[in-house]
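# Close look at the chain arrangement
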Amino acid sequence: MIASRLAGFGTTIFTEMSALAERTGAINLGQGFPDEDGPAAVLEAAQAAMRDGRNQYAPLPGVPALRAAIAEHQQRFYGIELDPASQVQVTMGATEAIAAAILGLCEPGDDVLAFDPYYDSYPAATAMAGARFVPIPLDPPDFTFDDIVVGPKARVILINSPHNPTGRVFSREELQRIADVVIEHDLIAITDEVYEHLVFDGLEHIPLSTLPGMAERTLSISSLGKTFSVTGWKVGWATGPAELVAAVRAAKQFLTFAGATPFQHAGAAALRLDDDWYRAFALELQAKRDHLCDAFSHFTVARPQGTYFANVDVGRDATEFARELPYEAGVVAIPTSVFSATPERLAPYLRFAFCKRLPVIDEAARRLQSLES
């Protein structure tokens, strides 16, 4: 029997829709994983690590070479100075980093605030900590937020930008509004920045920790998976003030302790790829976004500013539409409402992933256009 605090987190619609894609032969644009491998140099670095005997337990904080590369990355892109020994913790993907952060920082009964819709692990990790999940609505069609209401038990606010599932990239003005709330109420900010390099149209990802007064209050989380198309490697990290990183480490040691040793070594090589590679990959993904979004001429598209995902207003109940779509057009998508505590707000929206090979995106677009006609 499942414990009551997790009883509401059963089989997700991802399982249902993936099975439907397999049964119908539909193109699966539901889940956010690429259908091709990452850079050859990064894959070779992983193989070299295996051949060189890097196959046993990694240290609890992470392989030193990767921790150094993460610190270099934060300095290179954002001007953030970190001590790799005390301010960097490697995790089994960003999802573990998020769970360990909430477990390590929250007491039972604390409030954890997060923008809604949200990545589905946020409320589950909050429940595991015995805390209370408090959603902050992002309102369609632009997915902006109003005032952030903070109760007396608030402890943490989770910020995901670039944002899954909406594709929003928070502006400096929006981040400053969040920072003002964090400082006023003495909160801890946990930032999920796994799509940090996947930003489009000349926009900029701004880490919350770089705003005045936020470095000492912010735990920043990211990973290799999305940027380098290696989602199966499950290598993530948390960085920030030593006392916040120590809280992650305290919980993480009793979750997986350490893992993915050869992939950690390869991660050091990945993070050191040159600026041209980062720019080219973002532009390639932007082109895929455009090919998919342009297919929806008869629907309203919330064209994403970043991430892997586009949300489309289909003008009716999207859950019902999603179950029909594999049969009608041979494409699978996910109703955006499954990521919300108030699903009725997002009832007409479907989320499509465009992190696939361009011929796959174009074939999906052709099928979707045929449906519209």
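In the block above lies the structure referred to throughout.
Note that the coordinates shown come from a computational prediction; the quantities given were computed from them, not determined experimentally. (Residues numbered from 1 in each chain as written. Predicted model: local features only at pLDDT ≥ 70, side-chain atom pairs only at ≥ 80, totals over all residues. Heavy atoms only, no water.)

What follows covers the overall build of the protein chain. Within the protein chain one finds 12 helices and 13 strands. Computed over its C-alpha atoms, the radius of gyration of the protein chain comes to 20 Å, within 12% of the 21 Å expected for a compact globule of 373 residues. Considering only C-alpha atoms, the protein chain reaches an extent of 60 × 55 × 50 Å along its principal axes. Taking all 373 residues of the protein chain together, the buried fraction comes to 56%. Look at the contacts in the protein chain between residues 6 or more apart in sequence, and 76% of them connect residues 24 or more apart. A total of about 15300 Å² of accessible surface is found on the protein chain, and carbon and sulfur atoms cover 52% of it. With 30 positive and 47 negative side-chain charges, the protein chain shows a spacing of 5 Å between the two charge centroids. (Helix = DSSP H or I, 4+ residues; strand = E, 2+ residues; numbered from the N terminus. Rg over C-alpha atoms; globule rule 2.2 N^0.38 Å. Buried < 20%, exposed > 50% of the residue type's maximum accessible area, 1.4 Å probe, protein only. Contact = heavy atoms within 4.5 Å. Areas by Shrake-Rupley, 256 points an atom, 1.4 Å probe, with all protein chains shown as cover. Lys, Arg positive; Asp, Glu negative; His and termini not counted. Charge placed at Lys NZ, Arg CZ, Asp CG, Glu CD.)

Attention now goes to the state of the cysteines. For the structure on display, the rule yields zero disulfides. Cysteine Cys293 is unpaired, with the sulfur of Cys355 as its nearest cysteine sulfur at 13 Å. With relative accessibility at 4%, the residue Cys293 sits in the buried group. A residue is classified by how much of its surface remains accessible, and Cys355, at 4% relative accessible area, is buried. (Disulfide = S-S within 2.5 Å.)

Under the criterion given, the structure shown has 20 aromatic pairs. Between the aromatic rings of Trp233 and Phe263, the centroid separation amounts to 4.5 Å while the plane-to-plane angle is 10°, which identifies the pairing as stacked. Remark: Phe263 occurs in helix α9 (residues 261–271) and Trp233 occurs in the loop between α7 (225–228) and β8 (236–239); sequence separation between them is 30 residues. An angle of 55° between the planes, with centres 6.4 Å apart, marks the rings of Phe296 and Phe299 as tilted. Using a relative accessible area of 24% as the deciding quantity, one classes Phe299 as partly exposed. (Phe/Tyr/Trp six-rings, centres within 6.5 Å; stacked < 30°, edge-to-face > 60°.)

Another point: the side chain of Gln89. The topology assignment puts Gln89 in strand β2 (residues 88–91). By relative accessible area, which is 0% here, Gln89 ends up buried. Once residues lying within four places of it in the same chain are set aside, the contact partners of Gln89 are Leu60, Pro61, Gly236, Trp237, Ala238, Val245, Val248, Arg249 and Lys252.

On to the nonpolar core. Ile102, Leu325, Leu350 and Phe352 are the most contacted members of the largest nonpolar core, which has 70 residues in total. By residue number, the principal contributor to this core is helix α4 (residues 93–105), which donates eight residues. When neighbours within four sequence positions are excluded, Leu350 is seen to be in contact with Ala310, Asn311, Val312, Val314, Ala318, Phe321, Ala322, Leu325, Ala333, Ile334, Pro335 and Thr336. (Core = buried A, V, L, I, M, F, W, Y, C linked by side-chain atoms within 4.5 Å.)

Right, let's talk about the layout of surface pockets for a bit. If you add up the space inside the largest pocket, you get close to 530 Å³. Lining of the largest pocket is provided by 25 residues; of these, Gly32, Thr95, Tyr119, Tyr195 and Lys226 occupy positions nearest its centre. Of all the elements in the fold, those that place two or more residues in the lining of the largest pocket are α4 and α7. The dominant element in the lining of the largest pocket, judged by the number of residues it contributes, is α4, at four residues. Looking at side-chain class alone, the lining of the largest pocket contains 10 nonpolar, 10 polar and five charged residues. Approximately 370 Å³ is the volume found for the second largest pocket. Looking at the second largest pocket, it is lined by 17 residues, and the ones nearest its centre are Glu196, His197, Val199, Leu203 and Arg279. Elements supplying a minimum of two residues to the lining of the second largest pocket: α3 (64–78) and α10 (275–293). Of all the elements, α10 adds the most residues to the lining of the second largest pocket, at six residues. Within the lining of the second largest pocket, the residues separate by chemical class into eight nonpolar, four polar and five charged. (1 Å grid on protein atoms, 1.4 Å probe; cavity = no way out; pocket = protein on both sides within 12 Å on 5 of 7 lines; lining within 4 Å. Points joined across faces, edges and corners; volume = space filled by probe spheres on them. Nonpolar A, V, L, I, M, F, W, Y, C, P; charged D, E, K, R; others polar.)

With that settled, consider the sheet that holds β2. Read from one edge of the open sheet, seven strands run β2-β8-β7-β6-β5-β3-β4, paired in mixed fashion. One side of each edge strand has no neighbouring strand; the edge strands of this open sheet are β2 and β4 (132–137). Across the sheet, the mean angle from the axis of one strand to that of its neighbour is 20°, orientation sign disregarded. As judged from the four bridges shared by strand β3 (residues 111–116) and strand β5 (residues 154–160), these two strands associate in the parallel manner. By the bridge assignment for β5, Ala114 is matched with Leu158. Its contacts with the sheet place α4 against β2, β3, β5, β6 (188–192), β7 (218–223) and β8, and it is angled at close to 155° to β7. (Pairing = 2+ DSSP bridges. Axes fitted to C-alpha atoms, helices over the stretch in contact; angles between N-to-C directions.)

Remember that the coordinates give geometry; whether it matters functionally is a separate question.
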